[in-house]
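# Topology and contacts: notes
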Amino acid sequence: MKLATYRDGSRDGQLVVVSRDLQSAHYATGIASRLQQVLDDWNFLAPQLQDLAQTLEGGKARHAFPFDPAQCMAPLPRAYQWADGSAYINHVELVRAARNAEVPKSFYEDPLMYQGGSDDFLGPCEDAKFASEDWGIDFEAELAVVTGDVPMGASPEQALEGVRLLMLANDWSLRNLIPAELAKGFGFFQSKPATAFSPVAVTPDELGDAWEGGRVHLVLQSAWNGRKVGLCEAGPDMTFHFGQLIAHICKTRNVRAGSIVGSGTVSNRGVQGASGHTEWPKGYSCIAEKRAIETIQDGQPTTQFMRFGGTIRIEMKGKDGQSVFGAIEQKVVGPQ
């Protein structure tokens, strides 16, 4: 099933069930008004939502209405936890190579992860507001999962069973604020503003055989200012699958229902082109990676970060060509 949260003036919105083709929806009010309620009582409420989804799919839902992504908040508008990994080591390798730094061996054995703000997420069509273009505004196209309860000490296989929903994320980064923050030794804070999520979150079964081994084997598309810049395969180069990412958190604590775990920037390895040079035909899922590639190839970056008025669209389509999660479509705007 596919779930979304419609705006209603409250902090948590109203839960709706959405058809597979993203054309129609139905309020879930008679079952649960908020997604967190469902996550807290999944075994009881999820089957009821599934029944409603089947009724909607069959065209028999009495109060169905056209689905409008512009009315959506993030599927889970605020969460108990938002932890974002860096599961695509190729991304780390490129960024570090651009500044002549080696990737420590431990990075291949233990996932990188940071704790982001979870009290204020952006809807899929909501403007991203920043005070200055000088901060180095960058999109990051990612996948994310929403969990149920996962106990401390869970293995990656056990942790994977805790995945309830999947969605897309745009984990905004302010690149020019990052170096000073990391130099303090405590990690990201102001350089990681509110994250945006796709219009709908879907249960793993909606992905069919594209959901395998804790990875989503589909293409993540990124279009910057209307130009397609990324057609990245999300499955093959994901070094740590979602079960491993969740288990990483569970090493020292419980993960509770309503936690969101991100994949980090989806990234693909380069290939040797006809000229003998390495090329990246699938593009990129963030500007920092493009700049890293330019630095490696030409000695300096030439692509600039986003400007006010710029747009980003992030979407993933299934093997049938239909949008799975709907699209994140955002505009960067200034303080006024």
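Anyway, here's the lowdown on the structure attached to this text. (Residues numbered from 1 in each chain as written. Predicted model: local features only at pLDDT ≥ 70, side-chain atom pairs only at ≥ 80, totals over all residues. Heavy atoms only, no water.)

It is worth spelling out the side chain of E289 at this point. Note that E289 resides in helix 7 (residues 287–298). No salt bridge is formed by the buried E289. Its closest oppositely charged neighbour is R175, at 8.0 Å. Polar contacts involving the side chain of E289 include one to the side chain of H91, which spans 2.7 Å. Other than its neighbours up to four places away in sequence, E289 contacts N90, H91, L94, S267 and Y284. (Helix = DSSP H or I, 4+ residues; strand = E, 2+ residues; numbered from the N terminus. Buried < 20%, exposed > 50% of the residue type's maximum accessible area, 1.4 Å probe, protein only. Lys, Arg positive; Asp, Glu negative; His and termini not counted. Salt bridge = Lys/Arg side-chain N within 4 Å of Asp/Glu carboxyl O. Polar contact = N/O pair within 3.5 Å; in protein donor to acceptor, adjacent residues only side chain to side chain. Contact = heavy atoms within 4.5 Å.)

General note: in soluble globular proteins, nonpolar side chains tend to be found buried as a group. Membership of the largest hydrophobic core comes to 64 residues, with the highest contact counts inside it found for W172 and F325. For this core, the element with the most residues is helix 6 (residues 242–250), which contributes six residues. Residues within four places of F325 in sequence aside, it is in contact with L22, L143, L166, M167, L168, S198, P199, V200, V202, L207 and M316. Ranked by size, the runner-up nonpolar core spans 32 residues in total, among them V38, L39, W82 and M167. (Core = buried A, V, L, I, M, F, W, Y, C linked by side-chain atoms within 4.5 Å.)

Counted according to the given criterion, the structure contains 11 aromatic pairs. Aromatic pair Y6 and Y27: ring centres 6.1 Å apart, planes at 85°, arrangement edge-to-face. Of the two residues, Y6 sits in strand 1 (residues 2–6) while Y27 sits in strand 3 (residues 24–27), which places them 21 residues apart along the sequence. Classification of Y6 by relative accessible area gives buried; the value is 7%. The interplanar angle of 85° and the centroid separation of 5.5 Å between the aromatic rings of W82 and F197 together place this pair among those described as edge-to-face. Remark: F197 occurs in strand 12 (residues 196–197) and W82 occurs in strand 5 (residues 81–85); sequence separation between them is 115 residues. Residue placement shows K192 over the ring face of F188; its charged tip is 5.4 Å from the ring centre. (Phe/Tyr/Trp six-rings, centres within 6.5 Å; stacked < 30°, edge-to-face > 60°. Lys NZ or Arg CZ within 6 Å of the ring centre and 35° of its normal.)

Looking at the largest pocket, its volume works out to about 1,200 Å³. As for the largest pocket, its lining consists of 40 residues, of which V95, R175, I178, L182 and F188 are closest to the centre. If you list the elements that add at least two residues to the lining of the largest pocket, you get strand 5, helix 3 (89–98), strand 6 (113–116), helix 5 (178–183) and helix 7. Per element, the largest residue contribution to the lining of the largest pocket is five residues, and it comes from helix 3. (1 Å grid on protein atoms, 1.4 Å probe; cavity = no way out; pocket = protein on both sides within 12 Å on 5 of 7 lines; lining within 4 Å. Points joined across faces, edges and corners; volume = space filled by probe spheres on them.)

Right, let's get into unusual backbone geometry. Of note, the phi angle at L22 is positive, near 60°, even though the residue is not glycine. Take L22: it is sitting in the loop between strand 2 (14–18) and strand 3. Overall, the relative accessible area of 12% leaves L22 in the buried class. In this model, N100 sits at a positive phi of 55°, which is unusual for a non-glycine residue.

Turning our eyes to something else, we now look at the state of the cysteines. Counting across every chain of the model gives zero disulfides. Looking at the unpaired C72, the closest cysteine sulfur is the one in C125, lying at 7.3 Å. (Disulfide = S-S within 2.5 Å.)

We now examine the environment of R164. Residue placement: R164 occurs in strand 10 (residues 163–170). Assessed through its relative accessible area of 19%, R164 is described here as buried. Discounting residues that sit within four places of it in the chain, R164 has contacts with L39, W42, V146, T147, G148, V202, T203 and P204. Polar side-chain contacts of R164 include one of 3.2 Å to the backbone oxygen of E161.

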